[in-house]
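Listed here are the chains, written in short residue letters.
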Amino acid sequence: MSKKNESSSETLDFMKFLIKLGLFVIILRSFIVSPFNIPSESMQPRLMVGDYLLVAKWPYGFSNYSMPFSVPLIPGRILPNSPEPGDVVVFKAPPSQRDDYIKRVIGLSGDIIKVTDGVVSINGVDVQRERIEDYKHLVSANSPCFTPNFEAVNGDRKKICSYPQFRETLPNGSSYKILDIYEQSPGDTTQSFVVPDGHMFVMGDNRDRSADSRFPAQEGQAIGMVPQENLVGRALVTVFSTDGSAEWIKPWTWFSAARSERIGERF
């Protein structure tokens, strides 16, 4: 075989490899898992800016929103399943269905949700809420304090943020930690919401810093009720976390910036 033919054969083999690799990535991201990074403080204390997650695609079935860039290849939703209250889910946010948001499911179709002085009630029954130790984290580029009055110093003389923290337990037994930082904020007391058929009522764990189902859907802000058909997947595990101090030109800082204690946390 001539050198020209050998070169053509190698090029063809390489192109076949790239096609197979591309198909594998598409299948992986569409039907198994996909990456997601946390851009805001709305899910503290469970999630922090700089956390990187894997999101499981199979729990709720598959739709166009499962596909990379929401390519319209799947009619309707295949193998649909409803989330459970307490699930941390990724979804396309109303009203445009363009941006991916992550929140916790509080109520499903037919549930009546109301918030009074920060306490959530579902179908007329208050959700159990217990004051626990303050949530504290080191001040960093990715995690500054909301306001100076929450800043303190720990035993190592490092700056930390300290916030009032509660444990909330839903009627199905799902339990998680939330922040309720201010005594009064716009979402602390709401009207009663009836969750429409096929929808979810979702909230951020950082109650005073989350634009969620308590507020009408508005592009880039609150989201109102979320259709279950908008589901992308369920949060699975934290695979990496950075405090934001890393510099690309200084590779050693990639390691010093890692928040290793957060890596491997499941939901």
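Residues numbered from 1 in each chain as written. Predicted model: local features only at pLDDT ≥ 70, side-chain atom pairs only at ≥ 80, totals over all residues. Heavy atoms only, no water.

This next bit is on the layout of surface pockets. The space that makes up the largest pocket amounts to roughly 730 Å³. In terms of lining, the largest pocket is formed by 34 residues, of which the most central are Pro45, Arg46, Tyr135, Arg262 and Glu265. Contributions of two or more residues to the lining of the largest pocket are made by strand E8 (128-138), strand E10 (159-169), strand E11 (175-179) and strand E15 (231-241). For the lining of the largest pocket, the leading source of residues is E8, giving 6 residues. (1 Å grid on protein atoms, 1.4 Å probe; cavity = no way out; pocket = protein on both sides within 12 Å on 5 of 7 lines; lining within 4 Å. Points joined across faces, edges and corners; volume = space filled by probe spheres on them. Helix = DSSP H or I, 4+ residues; strand = E, 2+ residues; numbered from the N terminus.)

Moving on, we get to the sheet that holds strand E7 (residues 125-126). Spatial strand order, E7-E6-E5-E12: 4 strands in an open sheet with antiparallel pairing. Unpaired on one side and paired on the other, E7 and strand E12 (193-194) mark the two borders of the sheet. Pairing analysis gives 2 bridges linking strand E6 (residues 119-122) to E7, with the strands arranged antiparallel. By the bridge assignment, serine 121 is partnered in E7 with aspartate 126. (Pairing = 2+ DSSP bridges.)

The next point concerns the pattern of salt bridges. If you walk through the whole model with that rule in mind, you get 13 salt bridges. We note a salt bridge from arginine 46 to glutamate 265, for which the minimum N-O separation is 3.1 Å. You can see arginine 46 sitting in the loop between strand E1 (33-37) and strand E2 (51-56) and its partner glutamate 265 sitting in the segment after helix H2 (252-256), a full 219 residues away along the chain. With relative accessibility at 15%, the residue arginine 46 sits in the buried group. The exposure class of glutamate 265 is partly exposed, given its relative accessible area of 29%. We note a salt bridge from glutamate 247 to lysine 250, for which the minimum N-O separation is 3.6 Å. Judged by relative accessible area, lysine 250 falls into the partly exposed class, the value being 30%. Linked through salt bridges whose partners overlap, the residues forming this network are Asp51, Arg259 and Arg262. (Salt bridge = Lys/Arg side-chain N within 4 Å of Asp/Glu carboxyl O. Buried < 20%, exposed > 50% of the residue type's maximum accessible area, 1.4 Å probe, protein only.)

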